[in-house]
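Residues per chain are reported as follows:
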Amino acid sequence: MGPIDWDDLRFLLAASRACSVNDLAREEKVDATTVGRRLKSLEAALNVSLFVRARGRLEVTEQARHLLAYAERMEEAELGFRMDAHRLRVAPEGTVRISAPPTLARYVLAPSLPSLAQRHPGLSIELDVEPANVRVERWEADIAVRLGPRLEANDTVLARKIGRMAYGLFGPADQPMPQRWIAYPHRFSQAPEAQWVERELSGTAPALRVNDPVAIAQAVASGLGRAVLPELMATALPTIVQQGPAVLHREVWLLRHPELGMTQLVQAVCDWLVELARERL
């Protein structure tokens, strides 16, 4: 079998949808003789009987019904191809959902969103603040930003490291450094900052355990205790002050589900997140 012209397959679909040779001729803007010639040519190329002609009517054979399913999928693929090509020529519009931990969401992403909106006016962001690194497949998001790779064996994601976030020791800005600690709940024991504080505690009880960095910072500002927090919080919260250099760093990763595809919209947001991480982290 030689190469098949896609125009011939389009003609096959048109013929299957026409009630008669004359209807097909009018639709294709040719005469009935040309219709007959093209049908015979296609049947000869495929070596398959496609239609039964009876008093000007066209009836599809069983062999043709089997082949039509493939031609219809090709038609759908061409339509999808054309639609996607059109989207590439116009400004992206729609919603992109981002999942991010509280500190990055509140102090990096949210304050910087006006720059993204100015770049892509038709874009709407849905920001889902995740208090912990949950499994990727549980996120109903287009893009996830999280701390540390920590990929499970069955995590099927596309991952890219985009920066590092420094953590320091913080106390209240207007009081002496408290002796007691503010720690993270035990269920966050896998987090490096939680492990660092637990080593300092050496088995003693902290003044407070809480899973929200903002609540921790407010407790520090009140003088309740000292804590390990992201350094970028210091510029946003003048009521707390860092003591000494950074005590640890955590990698910041950008993740997305490969099965969700990379639309122009998602690509635009990914590019913006990479640029933002270079500027702020």
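Look up a bit, the structure's there.
Throughout what follows, the structure given in this document is the object of discussion. (Residues numbered from 1 in each chain as written. Predicted model: local features only at pLDDT ≥ 70, side-chain atom pairs only at ≥ 80, totals over all residues. Heavy atoms only, no water.)

Glancing now at the overall build of the protein. Broken down by element type, the protein carries nine helices and 10 strands. Expressed as a percentage of its 281 residues, the buried residues of the protein come to 41%. Taking contacts inside the protein between residues at least 6 apart in sequence as the whole, the part at least 24 apart equals 73%. (Helix = DSSP H or I, 4+ residues; strand = E, 2+ residues; numbered from the N terminus. Buried < 20%, exposed > 50% of the residue type's maximum accessible area, 1.4 Å probe, protein only. Contact = heavy atoms within 4.5 Å.)

With that settled, consider helix 7 (residues 213–222). Along helix 7, seven of the 10 residues are buried, which leaves the element largely enclosed by surrounding structure. Residues P213, V214, I216, A217, A219, V220 and A221 constitute the buried set of helix 7. The first or second residue beyond helix 7 is G223, which carries a positive phi of 95°.

Taken together, six strands build an open sheet; the order of strands is 4-3-5-10-6-9 and the sheet is mixed. Lying at the two open borders of the sheet, with one neighbouring strand each, are strand 4 (123–129) and strand 9 (227–230). Recorded for the sheet is a direction-independent mean angle of 25° between the axes of neighbouring strands. In this structure, strand 6 (residues 158–172) lies alongside strand 10 (residues 240–256), joined through 13 bridges in antiparallel fashion. Pairing of G163 across the sheet is with V252, part of strand 10. (Pairing = 2+ DSSP bridges. Axes fitted to C-alpha atoms, helices over the stretch in contact; angles between N-to-C directions.)

To continue, consider helix 5 (residues 102–119). Side chains three or four residues apart in an α-helix point the same way, a direct result of the helix having 3.6 residues per turn. Between its first and last C-alpha, helix 5 extends 24 Å over 18 residues, near the 26 Å set by a 1.5 Å rise per residue. L113 marks the point of greatest bend in helix 5, at about 40°, and the proline P114 comes within the next four residues. Looking at helix 5, one finds that the buried residues are P102, T103, L104, A105, Y107, V108, L109, S112 and L116. (Expected span 1.5 Å × (residues − 1). Bend = angle between axes of the 7 residues up to and from the residue.)

Turning our attention to the packing of helix 1 (residues 6–17) against helix 2 (residues 21–28). The N-to-C vectors of helix 1 and helix 2 enclose an angle of 135°; their axes lie 9 Å apart at closest approach. Put simply, helix 1 runs oblique to helix 2. Read as a crossing pair, helix 1 and helix 2 show a hand that is right-handed. Mapping the contact onto sequence places F11, A14 and A15 in helix 1 and L24, E27 and E28 in helix 2. (Parallel < 35°, antiparallel > 145°, perpendicular 65-115°, else oblique. Left-handed = near helix turned anticlockwise from the far one by under 90°.)

Take the packing of aromatic side chains next. As enumerated under the stated definition, the model contains one aromatic pair in all. Judged by centre distance (6.0 Å) and plane angle (65°), the ring pair of W181 and W196 falls under edge-to-face. Here the residue W181 occupies a position in the loop between strand 6 and strand 7 (182–183), and W196 occupies one in helix 6 (residues 192–201), the gap between them amounting to 15 residues. Overall, W196 belongs to the buried group, its relative accessible area being 17%. The ring of W181 carries R226 above its face, with NZ or CZ at 5.3 Å from the centroid. (Phe/Tyr/Trp six-rings, centres within 6.5 Å; stacked < 30°, edge-to-face > 60°. Lys NZ or Arg CZ within 6 Å of the ring centre and 35° of its normal.)

The next thing to look at is the pattern of salt bridges. All told, the structure shown has 12 salt bridges when counted by the stated rule. For R250, the salt bridge is made with E193, and the minimal N-O distance between the two is 3.1 Å. Of this pair, R250 sits in strand 10 while E193 is found in helix 6, placing the two residues 57 residues apart along the sequence. Each member of the pair, R250 together with E193, is buried. (Salt bridge = Lys/Arg side-chain N within 4 Å of Asp/Glu carboxyl O.)

Mapped onto the secondary structure, E251 falls in strand 10. Residue classification places E251 among the partly exposed residues on the basis of a relative accessible area of 27%. As a C-alpha pair, E251 and R164 span 87 residues in sequence and 4.3 Å in three-dimensional space. Within the structure, E251 has its side chain in polar contact with the side chain of W253 (distance 2.9 Å). (Polar contact = N/O pair within 3.5 Å; in protein donor to acceptor, adjacent residues only side chain to side chain.)

Mapped onto the elements, T61 comes out in the loop between strand 2 (57–60) and helix 4 (62–89). A relative accessible area of 10% places T61 in the buried class. Ignoring anything within four residues of it in the chain, the contact list for T61 reads S49, L50, F51 and V52.

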